[in-house]
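Below are the chains, spelled out letter by letter.
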Amino acid sequence: MTQFTRSAPPPPPLHPNGVGLCLAMDASKPSLYRSRPWPGLPVSSESLGSLNSVNCMEQLLVQCANAIESNDATLAQQILWVLNNIAPPDGDSNQRLTSAFLRALIARASKTGSCKMLTAVAARADADLALHVHRFSVIDLASFIDLTPWHRFGYTAANAAIAEAVEGVPAIHIVDLTTTHCMQMPTLIDLLANRPEGPPLIRLTVPSLTTTAPPPPMLDMSYDELGSRLVNFARSRNVAMEFMVIPSDPSDAFDSLIEQLRVQRLVSEDEVVIVNCQMLLHYIPEETVGAIATTMSVNSPTLSLRKMFLEALRGLEPTLVTVVDEDADFTESDLVGRLRSAFNYLWIPYDTVDTFLPRGSERRRWYEAGVRWKIENVIAQEGLQRVERVEPKGRWAQRMRAAGFRSAGFTEEAAAEVKSMLDEHAAGWGLKKEEEELVLTWKGHNVVFAAAWVPC
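This text gives an overview of the structure that appears in the document. This one's a predicted model, so the numbers in the text were calculated from it and none came from an experiment.

On to the overall build of the protein. Per the secondary structure count, the protein includes 18 helices and eleven strands. Of all 456 residues assigned to the protein, the portion counted as buried reaches 56%. With an accessible surface of roughly 19100 Å², the protein has 52% of that area assigned to carbon and sulfur atoms.

Written out as structure tokens, the structure is:
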């Protein structure tokens, strides 16, 4: 990101539409940015400190987004200058969060061309704006995921529900819809290998994304090689396992995957089908994506690919569907509404990282690069390229019920397993039960939900 040094002259006076900016929140406190500093005078760190509250940084980002959307390049440049000074990319958690959103706004201005004056800034920042997302080995990814309960929470809750649902069943077909490349499966295989009645035959099917750019984390090997390793691991636990990859994509509601599963269901009626959805369903486009009808050659403006997918799942007569996802809402069409929602959720990964990764560590850079990827997709992209379309748990529950599922809930034993796992992590993590769903919290704020569903 282009950095504006404090020794440089300040920008032109604030545009009338932006007078006060977030500073109007407390009119009793004088502030440097209500009027222009003396020409050529550098801004002091004490003056900038008055802007360094998280509420003020959010307001500045909102003002910047409005300026970019209204093509007010002068105001946008002024706010960018302020934000660059108060939110260094290596600062505290709130500053790094703000810096990531600033980076995303610059990327948006570059992509949309809405502020012609900012394209030069974006062009100079191209090398820095390119997110360098790390590719993990299997061992490194497993270790990386174990650092935080962000994914482990869903693994633990889903595994407990799956183990209970397949008790005594000799053959299981698991459809694993996940962003973390089957990292949940070794623990589930271990769990099933130790059943009193003996392990079942496991058939594992996963989609290989064909058009959607895969979200972080990235893996440094093919799914064929990954599958071979999983089969060998299962064999070492005396579990017979088959692994199948089906090229398919959330952009068309996993159409080819569903079709293949229908065929398999006809020839393997004796096996139990488990669908394990771990933070991948929100990549299926929802109703606000205007390009769906054209892409799918359907004339209905109300087409819902999420509805189609869940109804297709229901038609497979699965024994259990687990749904784990982030409890937030990134679906607003309005940029400012989406920015506010994302800003008030994505502070959590920046706040938690201090509890498990030291400053300057390589793994911390990998972790925060993944968060920045999400922020940039939410803010800078539109249409089918904006794939981070998270919905809150209540909306997913409505979708599941409408598709013909009912909540199965979690047993006390499952909740106890999750609590035991959380004991391995920082004290700020917590667990609560809302209706029949389990919710992972950080300092009391909802983070990730887990739900178990069965056909009505």
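Below, the discussion takes up the environment of L303. With respect to the element layout, L303 can be found in the loop between α12 (292-295) and α13 (305-315). Residue class for L303 comes out buried when judged on its relative accessible area of 14%. In this structure the C-alpha to C-alpha distance between L303 and E287, which are 16 residues apart in sequence, comes to 6.8 Å.

With that settled, the discussion passes to the packing of aromatic side chains. Aromatic ring pairs: the centre-centre distance and the angle between the two ring planes describe each pair. By the definition in use, this model includes ten aromatic pairs. Ring geometry for F101 versus F343: centroids 5.5 Å apart, planes at 65 degrees, classification edge-to-face. Within this pair, whereas F101 is found in helix α4 (residues 93-112), its partner F343 is found in helix α14 (residues 335-343), the two being separated by 242 residues in sequence. Assigned by exposure class, F101 and F343 land together as buried. Residues F136 and W366 carry aromatic rings whose centres are separated by 5.3 Å and whose planes lie at 85 degrees to one another, so their mutual orientation is edge-to-face. With F136 in strand β1 (residues 135-136) and W366 in helix α16 (residues 362-380), this residue pair connects regions lying 230 residues apart in the sequence.

This brings us to the pairing of strand β2 (residues 171-178). In terms of burial, β2 is a largely internal element, eight of the eight residues being buried. Covered by surrounding structure in β2 are A171, H173, V175 and L177 together with I172, I174, D176 and T178, the residues of both alternating faces. Pairing analysis gives five bridges linking β2 to strand β3 (residues 201-208), with the strands arranged parallel. Each bridged residue has a counterpart across the sheet, and for H173 the counterpart in β3 is R203. Between the parallel pair β2 and β3, the chain is carried across by helix α9 (residues 185-193), and the sense of this crossover is right-handed. In this sheet, strand β6 (residues 272-278) lies alongside β2 in parallel orientation, the contact comprising seven bridges. Within β6, the residue paired with V175 across the bridge is V275.

Before going further, it helps to examine the environment of F136. Judged by its relative accessible area of 3%, F136 falls in the buried class. Along the backbone, F136 and P216 are 80 residues apart, and their C-alpha atoms lie at a distance of 9.9 Å. Filtering out sequence-adjacent residues up to four positions away, F136 remains in contact with L141, F144, P217, M218, L219, D220 and W366.

Considered for burial, the residues of helix α17 (residues 393-402) that qualify are K393, W396, A397, R399 and M400. Taken end-on, α17 shows its buried residues confined to a sector of 160 degrees, consistent with a single buried face. Residues of α17 that are exposed and point over 90 degrees away from its buried face: Q398 and A402. Turning to α17, the residues buried within the fold contact α13, β7 (320-326), β8 (405-407), β9 (429-434), β10 (437-442) and β11 (445-455).

Let us now look at helix α3 (residues 73-86). For α3, with 14 residues, the first-to-last C-alpha span of 20 Å sits near the 20 Å given by 1.5 Å per residue. Among the 14 residues that make up α3, twelve are buried, leaving the element largely enclosed by the rest of the structure. For α3, every residue scored as buried is listed here: A73, L75, A76, Q78, I79, L80, W81, V82, L83, N84, N85 and I86.

Now for the pattern of salt bridges. All chains considered together, the criterion is met by 29 salt bridges. Ionic pairing is found between E317 and R314, a salt bridge with its closest N-O pair at 2.9 Å. What makes E317 partly exposed here is its relative accessible area of 44%. R314 gets classed as buried once you look at its relative accessible area, which sits at 18%. Here K432 ties to E434 by a salt bridge, and the two come within 3.0 Å at their closest N and O atoms. When its relative accessible area of 30% is taken as the criterion, K432 is described as partly exposed. If you follow the salt bridges from partner to partner, you end up with E287, R306, D329, E391, R395 and R399 in one network.

Running from N to C, α9 and helix α10 (residues 223-236) cross one another at 25 degrees; their axes reach a closest spacing of 10 Å. One way to sum up the angle between α9 and α10 is to call them roughly parallel. The element α9 and its partner α10 pack so that their crossing is right-handed. Contact with α9, carried on its side by M185, P186, I189 and D190, involves L230, F233 and A234 of α10 and no other residues of that element. Here the contact of α9 with α10 is built from residues that sort into six nonpolar, no polar and one charged.

Rules used in this analysis
Residues numbered from 1 in each chain as written. Predicted model: local features only at pLDDT ≥ 70, side-chain atom pairs only at ≥ 80, totals over all residues. Heavy atoms only, no water. Helix = DSSP H or I, 4+ residues; strand = E, 2+ residues; numbered from the N terminus. Buried < 20%, exposed > 50% of the residue type's maximum accessible area, 1.4 Å probe, protein only. Areas by Shrake-Rupley, 256 points an atom, 1.4 Å probe, with all protein chains shown as cover. Phe/Tyr/Trp six-rings, centres within 6.5 Å; stacked < 30°, edge-to-face > 60°. Pairing = 2+ DSSP bridges. Right-handed = clockwise from strand over helix to strand, strands pointing away. Contact = heavy atoms within 4.5 Å. Arc of directions from axis to C-beta. Expected span 1.5 Å × (residues − 1). Salt bridge = Lys/Arg side-chain N within 4 Å of Asp/Glu carboxyl O. Axes fitted to C-alpha atoms, helices over the stretch in contact; angles between N-to-C directions. Parallel < 35°, antiparallel > 145°, perpendicular 65-115°, else oblique. Left-handed = near helix turned anticlockwise from the far one by under 90°. Nonpolar A, V, L, I, M, F, W, Y, C, P; charged D, E, K, R; others polar.

Take it as geometry only, folks, not as evidence of what the structure does.
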